[in-house]
Amino acid sequence: MGEITIKEAQQLVDNWIKTYGVRYFSELTNMACLTEEVGELSRIMARKYGDQSFKPGENDNIGEEIADILWVLICLANQTGIDITDELKKSFEKKTLRDKERHKSNIKLKD
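What comes next is a walk through the structure. (Residues numbered from 1 in each chain as written. Predicted model: local features only at pLDDT ≥ 70, side-chain atom pairs only at ≥ 80, totals over all residues. Heavy atoms only, no water.)

1. Considering a nonpolar patch on the surface
Alright, step 1. Nonpolar side chains collect at one region of the surface, where Met-1, Ile-4 and Leu-12 lie side by side and expose about 340 Å² of accessible area between them.
Alright, step 2. Looking at the secondary structure, you find Leu-12 in helix 1 (residues 6–20). (Patch = residues over 30% accessible without salt bridge, like charges linked within 9 Å, V, L, I, M, F, W, Y side chains within 5 Å. Areas by Shrake-Rupley, 256 points an atom, 1.4 Å probe, with all protein chains shown as cover. Salt bridge = Lys/Arg side-chain N within 4 Å of Asp/Glu carboxyl O. Helix = DSSP H or I, 4+ residues; strand = E, 2+ residues; numbered from the N terminus.)

Below is the structure:
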């Protein structure tokens, strides 16, 4: 599989759910799944970049956990009628208008 746009990812997830997943989990269940996936990423980050160490059998699979998070976010977007591409464009516009000078002038971000 080559490059995938966000719109294509939303369609691919929808097709997968309808082919293999029977139906979407409820929105609340998917929200709980999202929280679980973020927790799994957090655990790995704490072990790799924080003060904790990996337990026997744990994997440094940050990419897999990020992909799992994206999957559930796409499910939530699909089942609530959200076009992530459109919303991301709006988010860039909002952040650019609000923060175009803010971070550049933040002394805490200077090297």
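2. With respect to helix 2 (residues 27–48)
Alright, step 1. Compared with the 32 Å implied by 1.5 Å per residue over 22 residues, the 31 Å span of helix 2 between its first and last C-alpha is a close match.
Alright, step 2. Taken residue by residue, helix 2 has Asn-30, Leu-34, Glu-37, Glu-40, Leu-41, Ile-44 and Arg-47 as its buried positions. Along the axis of helix 2, the buried positions cluster into a sector of 155°, meaning they face one direction only. Set apart from the buried face of helix 2 by more than 90 degrees, the exposed residues are Leu-28 and Thr-35. (Expected span 1.5 Å × (residues − 1). Buried < 20%, exposed > 50% of the residue type's maximum accessible area, 1.4 Å probe, protein only. Arc of directions from axis to C-beta.)

3. Remarks on the side chain of Asn-30
Alright, step 1. Within the secondary structure, Asn-30 is located in helix 2.
Alright, step 2. For Asn-30, the residues in contact, after removing those within four places along its chain, are Phe-25, Val-72, Cys-75, Leu-76 and Gln-79. (Contact = heavy atoms within 4.5 Å.)

Fair warning: the whole summary comes from geometry, so function is off the table for now.
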